[in-house]
Amino acid sequence: MAGGAMTDTDGAHKNYPGNMTIFVFLACLVASSGGLIFGYDIGISGGVTSMDSFLIKFFPSVYAKEKEVVETNQYCKFDSELLTLFTSSLYLAALIASLFASFITRKFGRRITMLGGGVIFLVGAILNGAAADVAMLIIGRILLGIGVGFSNQAVPLYLSEMAPARMRGMLNISFQLMITVGILAANLINYFTDKIAGGWGWRVSLGLAAVPAVIMAGGSLFLPDTPNSLLSRGKADEARAMLRRIRGTNDVGLEYDDLVVASEASKAIENPWSTLLERRYRPQLVMSVLIPTLQQLTGINVVMFYAPVLFKTIGFGGTASLMSAVITGLVNMFATFVSIATVDHLGRRKLLLMGGIQMIFAQFVLGTLIAAKFGTAGVANISPVYAIVVVVCICVFVSAFAWSWGPLGWLVPSEIFPLEIRSAAQSVVVVFNMAFTFIIAQIFLMMLCHLKFGLFYFFGAMELIMTGFVFFFLPETKGIPIEEMNRIWGKHWYWRRFVAGGSSAGVGRKVEITSTV
């Protein structure tokens, strides 16, 4: 059984008054630029690690191994712990930083957290662009990670709190859209900087991370804070005024009252971390752990981090591998618009289920294509036609992720938490997202070397599990006001055993939930 749209007892849909305003649209657009820094880093990492000049300077042993004759096992050419540490150090730093970001977000607001993240990311970008040795390179990556941890903790919350309920999906997915734009920009930059004579193009690629950092930090200076955050910090008059402004109406009494109730419940919580562990919040805790974990176990980061490396491994030349990464970046960005256009109409569950099925198909076909040519020996020469088929298959996978688990892996967790545990729960989301991003980034090349084509079957099996999880355990959340979200668990066939009646917000207004799936 799936949850659905919330209604009053007379069966009418319960919607707060107000419209989508230009003010909200612009604020969400600026805030979503936090996705640029995350996406740019994802795209830039795999590109520079496939550049000969970068490898010669920082990872000469990897370069020497790469240049061995074609008979070398293609699966194991890039297996280097130091190389993967360069990539994955950012995500470990982001994991730790998100825990501190939770406190800042709760005490000082979402805007300050985003501003701090942008400034720290800027410093990391400068260090990376000017790196003289591996130590300087990794220190810069750690600072980039802190910036990513701060932005990923605050931005999804900001977007969900600012958006009207009926358009929350579309506006929240702008964060994922910016991630895809960042990935595409990085892939394009890598393609052209690789051609720079003198072998210093990698410095341009890494240094240009300063651009999205400046956009995010500069934009944060002008952003308003959300009514939820203002209320939780005791600024009631400012919160009411902001709510009127973002809804475009003075008739905000019903929504404001719900925010006040939620804020009072939040202030009564001394330790949101221990509160999150209470039985009544078990559904939210499970979702905050499993959704980001399963998102990374799709195998998407295998493709997006290491796309150029992966294409080199299956026989593409250096420039061709970078161009193939550009193609996947374009597919990633344009497919995200499918989710933006449909998420508030079809709902979250349908997109996750359909995307899961498409990813399962693509992974198993891709694994079979690699197995047919490279087998377990990892030695083969593939024709241009065969290579194109592989790229098409990867694009089918990337497109499925981009309109399902990519954006919804951030949207769903950000909209299901009550205010009293919201910042802590979002930190759990970021921690598990970054933890498994770190793990996958750290062990991918080793897994590719040992599992060979079986790696794609492994991720296909993970996608079977996650699609089943959505089918049985994730209720529909589209169109439900964020402060009323707790009620969906009380009507779910499994989660109702943990929830004893509705949420703290909206107590006294009896509502029902009707299934839309």
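Reading the values: rules and limits
- Residues numbered from 1 in each chain as written.
- Predicted model: local features only at pLDDT ≥ 70, side-chain atom pairs only at ≥ 80, totals over all residues.
- Heavy atoms only, no water.
- Helix = DSSP H or I, 4+ residues; strand = E, 2+ residues; numbered from the N terminus.
- Buried < 20%, exposed > 50% of the residue type's maximum accessible area, 1.4 Å probe, protein only.
- Areas by Shrake-Rupley, 256 points an atom, 1.4 Å probe, with all protein chains shown as cover.
- Core = buried A, V, L, I, M, F, W, Y, C linked by side-chain atoms within 4.5 Å.
- Contact = heavy atoms within 4.5 Å.
- Axes fitted to C-alpha atoms, helices over the stretch in contact; angles between N-to-C directions.
- Parallel < 35°, antiparallel > 145°, perpendicular 65-115°, else oblique.
- Nonpolar A, V, L, I, M, F, W, Y, C, P; charged D, E, K, R; others polar.
- Disulfide = S-S within 2.5 Å.
- Left-handed = near helix turned anticlockwise from the far one by under 90°.
- pLDDT = per-residue confidence, 0-100.
- Lys, Arg positive; Asp, Glu negative; His and termini not counted.
- Salt bridge = Lys/Arg side-chain N within 4 Å of Asp/Glu carboxyl O.
- Expected span 1.5 Å × (residues − 1).
- Polar contact = N/O pair within 3.5 Å; in protein donor to acceptor, adjacent residues only side chain to side chain.
- Patch = residues over 30% accessible without salt bridge, like charges linked within 9 Å, V, L, I, M, F, W, Y side chains within 5 Å.
- Phe/Tyr/Trp six-rings, centres within 6.5 Å; stacked < 30°, edge-to-face > 60°.
- Lys NZ or Arg CZ within 6 Å of the ring centre and 35° of its normal.

Another aspect to go through is the overall build of the chain. Along the chain, the regular secondary structure elements total 23 helices and two strands. For the chain, the proportion of its 517 residues judged to be buried stands at 61%. Within the structure as shown, the chain displays about 17900 Å² of accessible surface, and the carbon and sulfur contribution to it stands at 69%.

Within the secondary structure, Val123 sits in helix H6 (residues 110–129). A C-alpha to C-alpha distance of 7.8 Å links Val123 and Leu144, two positions 21 residues apart in sequence.

Summarising burial for helix H20 (residues 405–415): eleven of the eleven residues are buried, a large majority. Taken together, the buried positions of H20 are occupied by Trp405, Gly406, Pro407, Leu408, Gly409, Trp410, Leu411, Val412, Pro413, Ser414 and Glu415.

Phe54 and Trp405 are the most contacted members of the largest nonpolar core, which totals 130 residues. When residues of this core are assigned to their parent elements, the largest contribution, 13 residues, is made by helix H21 (residues 422–451). With residues near it in sequence (within four places) discarded, Trp405 still touches Ile291, Leu294, Gln295, Thr298, Leu352, Met359, Ala400, Met466 and Val470.

To describe two helices that pack against each other, one gives the angle between their axes and the distance between the axes. Contact pair H21 / helix H22 (residues 454–473): the axes reach a minimum separation of 8 Å and the direction vectors enclose 125 degrees. Classed by the angle they form, the pair H21 and H22 counts as oblique. Where H21 approaches H22, its residues Ile440, Phe444, Met447, Leu448 and Leu451 are matched on the opposing element by Gly454, Leu455, Phe458 and Phe459. Considering only residue class, the contact of H21 with H22 consists of eight nonpolar, one polar and no charged.

The next point concerns the state of the cysteines. Scanning the model with the defined rule gives zero disulfides in all. Summary of cysteine pairing: Cys393 is not part of a disulfide, and the nearest cysteine sulfur, belonging to Cys395, is at 9.4 Å. Looking at Cys393, the relative accessible area reads 9%, which means it is buried.

Further remarks concern the packing of helix H18 (residues 348–374) against H20. Between H18 and H20, whose axes approach to 10 Å, the crossing angle comes to 145 degrees. When the axes of H18 and H20 are compared, the crossing they make is left-handed. Along its contact with H18, which presents Arg348, Leu351, Leu352 and Met359, the element H20 presents Trp405, Leu408, Leu411, Val412 and Glu415. Across the contact of H18 with H20, the residue classes break down as seven nonpolar, no polar and two charged.

Along the chain, the position of Thr293 falls in helix H15 (residues 282–296). Overall, Thr293 belongs to the buried group, its relative accessible area being 8%. Apart from residues no more than four positions distant in its own chain, Thr293 is found in contact with Phe432 and Phe436.

With that settled, consider the environment of Leu137. Secondary-structure assignment places Leu137 in helix H7 (residues 134–162). Assessed through its relative accessible area of 0%, Leu137 is described here as buried. Here the alpha-carbon distance between Leu137 and Phe58, two residues 79 residues apart in the chain, equals 9.0 Å. With near-sequence residues (within four places) excluded, Leu137 lies in contact with Phe54, Phe58, Phe86, Asn128, Ala131 and Leu206.

Let us look at the confidence of the model for the chain. Scored by pLDDT, the chain has a mean of 83; 85% of the residues are at 70 or more. The least confident element of the chain is strand E2 (residues 511–515), whose mean pLDDT is 36; the most confident is H6, at 94. Low pLDDT (under 50) marks residues 501–517, which in the prediction has 53 contacts with non-local residues, meaning those over four places away or in another chain.

The next subject is the side chain of Arg106. Along the chain, Arg106 falls in helix H5 (residues 81–108). No salt bridge is formed by the buried Arg106; the nearest opposite charge belongs to Glu420, separated by 7.9 Å. Apart from the residues lying within four places of it in its own chain, the contact partners of Arg106 are Ser232, Arg233, Ser266, Ile269, Pro272, Glu420 and Ser423.

Turning next to H7. Between its terminal C-alpha atoms H7 stretches 42 Å, which fits the 42 Å expected from 29 residues at 1.5 Å a residue. Between the side-chain oxygen of the N-cap and the backbone nitrogen of Ala135 there are 3.3 Å, and the N-cap of H7 in question is Asp133.

Judged by side-chain polarity, Leu92, Ile96, Leu99, Phe100 and Trp273 come together as a nonpolar surface patch covering roughly 470 Å² of accessible area. Per element, the largest residue contribution to the nonpolar patch is four residues, and it comes from H5. Here Leu92 is to be found in helix H5. Using a relative accessible area of 36% as the deciding quantity, one classes Leu92 as partly exposed.

Turning next to the packing of aromatic side chains. Counted according to the given criterion, the structure contains 22 aromatic pairs. With centroids separated by 5.3 Å and ring planes inclined at 80 degrees, the aromatic side chains of Phe473 and Tyr494 adopt a geometry described as edge-to-face. Placement of Phe473 in helix H22 and of Tyr494 in the loop between helix H23 (487–490) and E2 is noted, with a sequence separation of 21 residues between them. Given a relative accessible area of 25%, Phe473 falls into the partly exposed group. Judged by its relative accessible area of 23%, Tyr494 falls in the partly exposed class. Taken together, the ring pairs in this structure connect Phe469, Phe473, Trp489, Trp493, Tyr494, Trp495 and Phe498 into an aromatic cluster. When the ring centre of Tyr256 is taken as reference, the NZ or CZ atom of Arg240 above it lies at 4.0 Å.

Looking at the element boundaries, Arg233 is found in the loop between helix H11 (227–232) and helix H12 (236–247). When the C-alpha positions of Arg233 and Gly109 are compared, they lie 8.1 Å apart, and in sequence the two are 124 residues distant. The residues touching Arg233, leaving out its near neighbours within four places in the chain, are Arg106, Lys107, Phe108, Gly109 and Asp225.

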